[in-house]
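Each chain is listed here by its residues.
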Amino acid sequence: MTAQTVAEIVRLGPVIPVLAFESVEQGENVSRALHAGGVKVLEITLRTEAGLKAIERASQLAEDIVVGVGTITKPEQCALAKKAGARFGVSPGLTKDMHQAAQDAGLPLLPGVMTPTDIIVALELGYEIVKFFPAQPAGGVPMLQAFHGPFPTLKFCPTGGITAESAPTFLALPNVVCVGGSWLTPKSALAAQNWDEVTRLARAASELAPPAR
Ligand code: 3PG
């Protein structure tokens, strides 16, 4: 069955790589290397010019690859990314206009939160899964444990400052469904075009114990 909703997509693997590509070609090579390592869900950000085109190419690499658009900071990016092939969107924060634009574009959205007020706004708009960003600087594991009290049903994808070493601790929390991060694509490996290293890191990440669902 094709994963359609954020709830389905975030359960396809424990780690979503957050990607910023310097070129479309780099995007294609890295996406292929990640997929070879068992990572099915990619978040390709719009932080670089290559973003939209990289989404388009990566979406076509394999049938079981699910490519999302990351770093949505303007409502109009939702429709552009959807057109390029994005199956979901991730934003560092949330406004009503962005929520509406994602709905209008038919783009399932994983919106970012950092405070209880952000969470209440997201809940009011109907979100059951949110990104906790920037996870480590904003309080990390203890903050997520503290959120679990007032918001027991809400699930998080923490992202920002998470490493291969800290990921398992986040994934063990009852309110975490997956984690995001850029550690699968170290700058040194990209500069050296060491795609095998990306595949190795992807395999290690995809084999992390999945959170209790
Ligand atoms: C994001 O935008 O989600 C983060 O920048 C990824 O964070 P990391 O580079 O610290 O993993």
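Summary of the structure given here. (Residues numbered from 1 in each chain as written. Predicted model: local features only at pLDDT ≥ 70, side-chain atom pairs only at ≥ 80, totals over all residues. Heavy atoms only, no water.)

1. Observations regarding helix 10 (residues 195-206)
Okay, step 1: Look at helix 10: 16 Å from first C-alpha to last across 12 residues, which is about the 16 Å you get at 1.5 Å a residue.
Okay, step 2: Among the residues of helix 10, Trp195, Val198, Thr199, Leu201, Ala202 and Ala205 are the ones counted as buried. Seen end-on, helix 10 carries its buried residues on one side only, within an arc spanning 165°.
Okay, step 3: Contact partners of the buried residues in helix 10: strand 1 (15-19), helix 2 (24-36) and helix 9 (187-191). (Helix = DSSP H or I, 4+ residues; strand = E, 2+ residues; numbered from the N terminus. Expected span 1.5 Å × (residues − 1). Buried < 20%, exposed > 50% of the residue type's maximum accessible area, 1.4 Å probe, protein only. Arc of directions from axis to C-beta. Contact = heavy atoms within 4.5 Å.)

2. Quick look at the environment of Val90
Okay, step 1: The topology assignment puts Val90 in strand 4 (residues 88-90).
Okay, step 2: For Val90, a relative accessible area of 1% corresponds to the buried category.
Okay, step 3: Sequence spacing of Val90 and Glu63 is 27 residues, and the spatial spacing of their C-alpha atoms is 21 Å.
Okay, step 4: Among residues more than four places away in sequence, those in contact with Val90 are Glu43, Val69, Gly70, Thr71, Ile72, Leu109, Leu110 and Lys131.

3. Topic: the site of the ligand
Okay, step 1: For the ligand, the full set of nearby residues is Val18, Arg47, Lys131, Phe133, Thr159, Gly160, Gly161, Gly181 and Ser182.
Okay, step 2: Residue Ser182 places a side-chain N or O atom 2.5 Å away from an oxygen atom belonging to the ligand.
Okay, step 3: Coverage of the ligand by the protein chains reaches 79% of its 310 Å² of free accessible surface.
Okay, step 4: Grouping the amino acids of the shell around the ligand by side-chain chemistry returns 2 nonpolar, 5 polar and 2 charged. (Near = heavy atom within 4 Å. Polar contact = N/O pair within 3.5 Å; in protein donor to acceptor, adjacent residues only side chain to side chain. Areas by Shrake-Rupley, 256 points an atom, 1.4 Å probe, with all protein chains shown as cover. Nonpolar A, V, L, I, M, F, W, Y, C, P; charged D, E, K, R; others polar.)

4. Considering the pairing of strand 2 (residues 41-45)
Okay, step 1: Most of strand 2 is tucked away: 5 of the 5 residues are buried.
Okay, step 2: Side chains Val41, Glu43 and Thr45 project from strand 2 onto one buried face, and the interleaved Leu42 and Ile44 project onto a second face that is buried too.
Okay, step 3: Strand direction decides the pairing type here: strand 1 and strand 2, joined by 2 bridges, are parallel. Bridge pairing links Val18 to Glu43 in strand 2.
Okay, step 4: Between the parallel pair strand 1 and strand 2, the chain is carried across by helix 2, and the sense of this crossover is right-handed.
Okay, step 5: Handedness of the crossover is the feature at issue here: the chain leaves strand 2, passes through helix 3 (residues 51-59), returns alongside strand 3 (residues 66-70), and the resulting connection is right-handed. (Pairing = 2+ DSSP bridges. Right-handed = clockwise from strand over helix to strand, strands pointing away.)

5. Examining the packing of aromatic side chains
Okay, step 1: Going through the model one piece at a time under the given rule, you end up with 4 aromatic pairs.
Okay, step 2: On the basis of an interplanar angle of 65° and a centroid distance of 6.4 Å, the ring pair of Phe147 and Phe151 is categorised as edge-to-face.
Okay, step 3: Relative accessible area serves as the criterion here: at 4%, Phe147 is assigned to the buried category.
Okay, step 4: On the basis of relative accessibility, which here comes to 10%, the residue Phe151 falls in the buried class.
Okay, step 5: Through a chain of ring-to-ring contacts, three or more aromatic side chains come together here, namely Phe132, Phe147, Phe151 and Phe156. (Phe/Tyr/Trp six-rings, centres within 6.5 Å; stacked < 30°, edge-to-face > 60°.)

6. Structural notes on the sheet that holds strand 4
Okay, step 1: Taken in spatial order, the 6 strands line up as 5-4-3-2-1-9 in an open sheet, and their pairing is parallel. Looking at the sheet topology across the chains shown, the edges are occupied by strand 5 (109-110) and strand 9 (179-181).
Okay, step 2: In this structure, strand 4 lies alongside strand 5, joined through 2 bridges in parallel fashion. Pairing of Val90 across the sheet is with Leu110, part of strand 5.

7. Let's talk about the side chain of Thr71
Okay, step 1: Structurally, the position occupied by Thr71 is in the loop between strand 3 and helix 4 (77-84).
Okay, step 2: Residue Thr71 is classed as buried on the basis of its relative accessible area, which comes to 18%.
Okay, step 3: Contact partners of Thr71, with chain neighbours within four places excluded, come to Glu43, Thr45, Leu46, Arg47, Gln77, Val90 and Pro92.

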